[in-house]
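Fold and contact review
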Amino acid sequence: MTKAKSYAISKQLVWDAYKSVKANRGAAGVDGQSLQAFEKDLKNNLYKIWNRMSSGSYLPPPVRVVEIPKGGGGTRPLGIPTVADRVAQMVAKRYLEPLVEPHFHPDSYGYRPGKSALDAVGVTRKRCWRKDWVIDLDIKGFFDNLDHDLVMRAVRHHADAPWLLLYIERWLKAPAQKNDGTQEERTKGTPQGGVISPLLANLFMHYAFDEWLRRNFPSVQFARYADDAVIHATSQRQAQHVLEAIRRRLQECGLELHSEKTRIAYCKDDDRRGDHPHIKFDFLGYTFRPRRAKNRWGKFFVSFLPAISNKAASRIRRAIRQWRLGATRNNQSLEEIARFVNPFVRGWVNYYGRFYRSALTPVLRCLERALVYWVRRKFKRFARHPRRAYHWLGRVARRDQGLLVLWQIGIKPATEQ
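Quick look at the structure, then. Quantities reported herein were computed from a predicted structural model and do not represent experimental measurements.

Examining the packing of aromatic side chains
Throughout the structure, instances matching the rule amount to 26 aromatic pairs. By the ring-pair criterion, three or more aromatic residues cluster together here, those being Tyr286, Tyr351, Tyr352 and Phe355. A cation over a ring is seen here: arginine 291 above tyrosine 356, with NZ or CZ 5.5 Å from the ring centre. Lying across the ring of phenylalanine 300, arginine 292 places its NZ or CZ 3.9 Å from the centre.

Quick notes on the nonpolar core
Core analysis: the largest hydrophobic core is formed by 72 residues, its most contacted members being Met53, Ile231 and Ile246. Looking at which element gives the most residues to this core, the answer is helix α8 (residues 197-216), with 10 residues. Val134, Phe283, Val345 and Cys366 belong to the second largest nonpolar core, which has 57 residues in total.

Quick look at empty space enclosed by the protein
Across all of its chains, the model carries one cavity of 30 Å³ or more by this definition. Around the largest cavity sit Gln89, Trp171, Leu172, Thr190, Pro191, Gly194, Ile196, Ser197 and Leu200, which together line it. Elements supplying a minimum of two residues to the lining of the largest cavity: α7 (162-173) and α8. In terms of residue class, the lining of the largest cavity is built from five nonpolar, four polar and no charged.

Description of the sheet that holds strand β9 (residues 281-283)
If you walk across this open sheet you meet the three strands as β9-β10-β11, and the pairing is antiparallel. The open sheet has two edge strands, β9 and β11 (300-308), and neither has a second partner. Mean inter-strand twist for the sheet, computed between neighbouring axes without regard to direction, equals 50 degrees. Here nine bridges tie strand β10 (residues 286-294) to β11, and the two strands are oriented antiparallel to one another. Of the residues in β11, the one forming a bridge with lysine 294 is phenylalanine 300. Lying on the sheet, helix α5 (residues 117-130) is in contact with β9, β10 and β11; it crosses β11 at an angle near 155 degrees.

Reading the values: the criteria
- Residues numbered from 1 in each chain as written.
- Predicted model: local features only at pLDDT ≥ 70, side-chain atom pairs only at ≥ 80, totals over all residues.
- Heavy atoms only, no water.
- Phe/Tyr/Trp six-rings, centres within 6.5 Å; stacked < 30°, edge-to-face > 60°.
- Lys NZ or Arg CZ within 6 Å of the ring centre and 35° of its normal.
- Core = buried A, V, L, I, M, F, W, Y, C linked by side-chain atoms within 4.5 Å.
- Buried < 20%, exposed > 50% of the residue type's maximum accessible area, 1.4 Å probe, protein only.
- Helix = DSSP H or I, 4+ residues; strand = E, 2+ residues; numbered from the N terminus.
- 1 Å grid on protein atoms, 1.4 Å probe; cavity = no way out; pocket = protein on both sides within 12 Å on 5 of 7 lines; lining within 4 Å.
- Points joined across faces, edges and corners; volume = space filled by probe spheres on them.
- Nonpolar A, V, L, I, M, F, W, Y, C, P; charged D, E, K, R; others polar.
- Pairing = 2+ DSSP bridges.
- Axes fitted to C-alpha atoms, helices over the stretch in contact; angles between N-to-C directions.
- Contact = heavy atoms within 4.5 Å.

What follows is the structure in structure tokens.
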């Protein structure tokens, strides 16, 4: 007679969780096991996860911590669970998300089905035209400082499945393992990189910020993507009042605003008089600031608009330089180069080209220069003749415009325009 399991977790839920993890890919955790290695004994590995979660004996392994560079300098810790643990966390996420998602605020955009960062940028763009002032929030070490008791209180408010509460608490407390093998116990925070972490972070901020703001300042609009948020205000005085209230509220929840990075900005344009030390802010890879625009009658004016930020532009240029096309790929054909670079360029264009695309053009010129260098390294006749290399690329662009995404969007070798 088969012994009944302590918790009713379906095998189908585990299988669906695995498929989601497979689609998201990801690096190996502390056990060094890749997704490909996990799949070599897939049936047995998934059975182990289901069996242990169903019996209450699943214990999350430590989370591998790697330091990744931040856009403004320095690093931030990224927690990488093992493949098996990512599947287990996905089981919990797929169970919890339908319970909490209907309650989330419509202006919470991060890590939510059917919502995106570009949605948040778009709605912020429109609201900056209507409201003169913006509070640009920056929370210090958000994922590292989430209060475990408050997280669990929020989870219990929406779910009562004992297995879910048990494992979420274990994931929150799972130790972090550094590259040298040392482990650190965690008394607060959730690993940035964990499968369940974004959902828990959203649930935390729903009560710490979204709902609190809705109750206390019902007329104030905001857009939030995880811990990145902007709040609109009708006056500088209102902005200062709301900011101080938010500062106190987040302190009550164990979080702290970054004193230097959190600021009030004035949405300066042709119709707004006066001035302010801060007339720009960054949000989700875009810089909002006064920019030249053209109205329907062809007349130029100054509007407050988003375009790719300097930090994002620097990341793109750095990525292109790191490809070292001329140094490491001069044995490849242009078609092979295109297959390599096109997915990156398409992603950059789809995201940073959504608003004020002309600001992206000079950034992508960096790729054009890299391609010219590749031509000069590949063909000896162009080695000392960069202008001829430009002309050669231009002829290829006219003949086969669809080869490179760069050419499809109208960025062709400068000498050919």
